Amino acid sequence: MSAAKHTDEGELSRRQFVKQSTIAYWTAAGAAGSGMLALPGLGLAQEGSGPVDCGPPPKAKPQSRTGGESFPPLPLPATPLRRTEKKRPPAPPSLAGKMALGPVRFVRKGDQRVQYRDWMTDPADLDSLLTWTNEKLGINYGKAEADFEHFSFDPRELPALLFAGHNGFQLGDEVRQRLARYVLDGGMIIGDACCGWKDFNDAFRREIQAIFPDRPMRKLTPDDPIFSSYYKLSNFTYQKADGSCHEDAPCLEGLSVGCRTAVVYSPVDLTCGWDGHDHPRGLRVVIDQARQIGANYVTYLLGSYQLGRFLSSTKVYHEADAASRDDFIFAQLVHDGDWDPDPSAVHNLLKHVRDNSTLTIKFKKVSVQPRDPKATGYPLLYMTGHHEFHWTDLERAWLQRYLKAGGMLLADACCGRLAFDLTFQREIARVLPEHKLETIPLDHPVYHAHYDIGKVEYTPRVTEDFGAQSAPSLSGITLDGRLAVVYSRFDLGNGWEQFPHPYTYGYSDKDALAIGTNVIVSAVTH
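Looking now at the overall build of the protein. Check the secondary structure of the protein and you find twelve helices and 21 strands. Counting the 526 residues in the protein, one finds 54% classified as buried. Expressed as a percentage of contacts within the protein between residues at least 6 apart in sequence, the contacts between residues at least 24 apart total 75%. Accessible area of the protein: about 23900 Å², with a carbon and sulfur share of 51%.

Now the structure itself:
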């Protein structure tokens, strides 16, 4: 089984671990001829109605007894007598709720006719996970049960919802709309195909696509924080119905809202592992690792909840429809990855530039498609993202002409994610094959175009994984003595948003705004 531990002396640091895993992932993906790894041997369980039960119900909560006084009923002498009554300890706050799924069904168990619904087949999974993680993480959270009819769809009530089962299911349009709002308001959906059952797997993917038709589910790559938020996880160990085990790449999929993985899904069973049992059926992640993945879910949820609430509000560009004239307009380059993960970032940067410089700034952001003839009128193009992207030969040729004609490209790896970092370095080398990204020296004019930038501060994660850093870390490409490309492997956009992003490798808010301002001034004045 793959090791999944904290960073200890003699082990790889988290960043080294993530980098090594990511490079190995993309090397394997490239050898396979695509950006998405197939998982050999991960055939899902058979179709059809799933089992009636997987695990026992949760254990009864411990009860304490407290002594108290009471009065016996008249006409006995009214002498106080001692009695002992049950008293439950205060319930911990609920972190996640298991959503009721499936129609009511009846089956025979011995001589009894038993009622059940699909979500009840493993009733103790979430309770068992939270009991385990409470002990491991030193926290105290509980679970709840929820149904579509009575749930408020407010993430302040339940930050996460678990969808788990074997059978197919279908949601109504109203429920889909309310779930979309729940996620956009900061909630998280966790999906799990119990026993790796195909019917549930097909239904969950179909429903998420219906809820978010414009946001694709993606295979989570090794640099996603879910794989390192508490335990360092690389390959998963999978157990088949015959008991045999093998290692392979992680099976988790996710859907992003901004810089947050808001839906995470496992098509291979985790919930039975959370409850500590397995069966001679289906496909599952082994128990110890399933619990480690669950602990990472919990840690990630706790770390990203406030960010999710912040991202639920969208900044409006109030001059979006205004005539442009000669004012500076921010143009963002569209690509086939997640090209706009920081919805409030540009608004805040433009406000900062307007308030702290003499530039005439239009509160307007335009999205530019590669090969768009209008793009030649913008002195600066910005691009960012978390994931891999691809430029066609025509798009590379268009960008090369734009840069050689005097345009400037500013790019940063959102959250400092390695998938985007590796991709950008690959793609820009194809755009300008005779030039390469080189470190921009501290005496370069871009560091003094408006602010004098000599020392900067980074986010806590950079300090934890790279050690103390004080110099800015920008790379660039110069064409005919002019800086044409500025690239930051550390995030700028999160700093422009001016809200804590707990899993980001980036600059502090102040320094991210200073760098962004200097690049805009350089683009306009040169």
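On we go.
This part is about the layout of surface pockets. A water-sized probe rolled over the atoms picks out the places where empty space is left. Estimated volume of the second largest pocket: approximately 570 Å³. Considering the residues around the second largest pocket, the lining is formed by 21 residues, among which Arg215, Ser256, Val257, Gly258 and Asp340 are closest to the centre. Mapped by element, the contributors of at least two residues to the lining of the second largest pocket are helix 3 (173–184) and strand 12 (253–257). The greatest single-element share of the lining of the second largest pocket, amounting to four residues, is contributed by strand 12. Classifying every residue of the lining of the second largest pocket by side-chain character gives eight nonpolar, seven polar and six charged.

The biggest cluster of nonpolar side chains holds 37 residues, and the ones touching the most others in it are Phe330, Trp496 and Tyr507. Of all elements in the fold, only strand 15 (328–333), helix 7 (345–356), strand 16 (361–368), strand 17 (380–385), strand 18 (408–413), strand 21 (482–488) and helix 12 (509–525) reach the threshold of two or more residues within this core. The element that contributes the greatest number of residues to this core is helix 12, accounting for eight residues. Setting aside residues no more than four positions away along its own chain, Trp496 makes contact with Phe330, Ala345, Asn348, Leu349, Tyr382, Leu410, Ala512, Leu513 and Gly516.

Along strand 18, six of the six residues are buried, which leaves the element largely enclosed by surrounding structure. Here six bridges tie strand 17 to strand 18, and the two strands are oriented parallel to one another. Its bridge partner being in strand 18, Gly385 is matched across the sheet by Ala413. Each parallel crossover has a hand, and the one from strand 17 via helix 8 (residues 393–404) to strand 18 is right-handed.

Per the counting criterion, the structure on display carries zero disulfides. Of all cysteine sulfurs in the structure, the one in Cys259 sits closest to Cys414, which takes part in no disulfide; the separation is 3.3 Å.

Moving on to empty space enclosed by the protein. Scanning the entire structure with this criterion turns up seven cavities of 30 Å³ or more. Contributions of two or more residues to the lining of the largest cavity are made by strand 13 (260–266) and helix 6 (287–311). With three residues, the single largest contributor to the lining of the largest cavity is helix 6. Here the lining of the largest cavity is composed, by residue class, of seven nonpolar, eight polar and three charged. Put simply, the second largest cavity is a space of about 80 Å³. Around the second largest cavity, the lining residues are Arg15, Val18, Asp223, Pro225, Ser228, Cys415, Gly416, Arg417, Leu418, Arg461, Tyr503 and Tyr505.

Attention now goes to helix 8. Between its first and last C-alpha atoms helix 8 spans 17 Å; for twelve residues at 1.5 Å apiece the expected length is 16 Å, and the two agree. Positive backbone phi, approximately 120°, marks Gly406, located one or two places after helix 8.

Time to look at the environment of Ser152. Tracing the sequence through the fold places Ser152 in the loop between strand 6 (142–146) and strand 7 (160–165). For Ser152, a relative accessible area of 35% translates into the label partly exposed. Distance in space between the C-alpha atoms of Ser152 and Tyr182 is 9.2 Å, their sequence separation being 30 residues. In this view, Ser152 contacts Glu157 and Arg178; residues no more than four positions away in its chain are not counted.

Looking at the protein as a whole, the pLDDT averages 84, with 81% of positions reaching at least 70. Across residues 39–48, where pLDDT falls below 50, the model places 32 contacts with residues more than four positions away in sequence or in other chains.

Applying the stated criterion to the full structure yields 25 aromatic pairs. What links up through ring pairs into an aromatic cluster is the set Phe148, Phe163, Phe169, Phe200, Phe204 and Tyr265.

With that settled, consider the side chain of Glu427. You can see Glu427 is positioned in helix 9 (residues 418–431). Within polar-contact distance, the side chain of Glu427 engages the side chain of Arg396 at 3.1 Å. Only 3.0 Å separates the side chain of Glu427 from the side chain of Arg426, close enough to count as a polar contact. The residues contacting Glu427, other than those within four sequence positions of it, are Phe389, His390, Trp391 and Arg396.

Even without a glycine there, the phi angle at Phe153 is positive, about 60°. Since its relative accessible area comes to 6%, Phe153 is described here as buried. One non-glycine residue, Cys415, lies in positive phi territory at about 65°. Mapped onto the secondary structure, Cys415 falls in the loop between strand 18 and helix 9.

Moving on to the side chain of Ser228. Looking at where Ser228 falls in the secondary structure, it is placed in the loop between strand 9 (218–219) and strand 10 (236–239). Residue Ser228 is classed as buried on the basis of its relative accessible area, which comes to 6%. Here Ser228 is in contact with Arg14, Val18, Asn296 and Arg461, once residues within four sequence places are set aside.

Inspection of the secondary structure assignment puts Arg354 in helix 7. You can call Arg354 partly exposed: its relative accessible area is 33%. Expressed as a C-alpha distance, the spacing of Arg354 and Thr517, which sit 163 residues apart in the sequence, is 9.5 Å.

Read from one edge to the other, the open sheet built from seven strands follows the order 6-3-7-8-13-12-9, with strand pairing classed as mixed. Looking at the sheet topology across the chains shown, the edges are occupied by strand 6 and strand 9. Both strand 3 (residues 94–99) and strand 6 contribute to a ladder of five bridges, which runs parallel. Bridged to Gly97 within strand 6 is Ala144. Relative to the sheet, helix 2 (residues 125–137) contacts strand 3, strand 6 and strand 7, its axis offset from that of strand 3 by approximately 160°.

Rules used in this analysis
- Residues numbered from 1 in each chain as written.
- Predicted model: local features only at pLDDT ≥ 70, side-chain atom pairs only at ≥ 80, totals over all residues.
- Heavy atoms only, no water.
- Helix = DSSP H or I, 4+ residues; strand = E, 2+ residues; numbered from the N terminus.
- Buried < 20%, exposed > 50% of the residue type's maximum accessible area, 1.4 Å probe, protein only.
- Contact = heavy atoms within 4.5 Å.
- Areas by Shrake-Rupley, 256 points an atom, 1.4 Å probe, with all protein chains shown as cover.
- 1 Å grid on protein atoms, 1.4 Å probe; cavity = no way out; pocket = protein on both sides within 12 Å on 5 of 7 lines; lining within 4 Å.
- Points joined across faces, edges and corners; volume = space filled by probe spheres on them.
- Nonpolar A, V, L, I, M, F, W, Y, C, P; charged D, E, K, R; others polar.
- Core = buried A, V, L, I, M, F, W, Y, C linked by side-chain atoms within 4.5 Å.
- Pairing = 2+ DSSP bridges.
- Right-handed = clockwise from strand over helix to strand, strands pointing away.
- Disulfide = S-S within 2.5 Å.
- Expected span 1.5 Å × (residues − 1).
- pLDDT = per-residue confidence, 0-100.
- Phe/Tyr/Trp six-rings, centres within 6.5 Å; stacked < 30°, edge-to-face > 60°.
- Polar contact = N/O pair within 3.5 Å; in protein donor to acceptor, adjacent residues only side chain to side chain.
- Axes fitted to C-alpha atoms, helices over the stretch in contact; angles between N-to-C directions.

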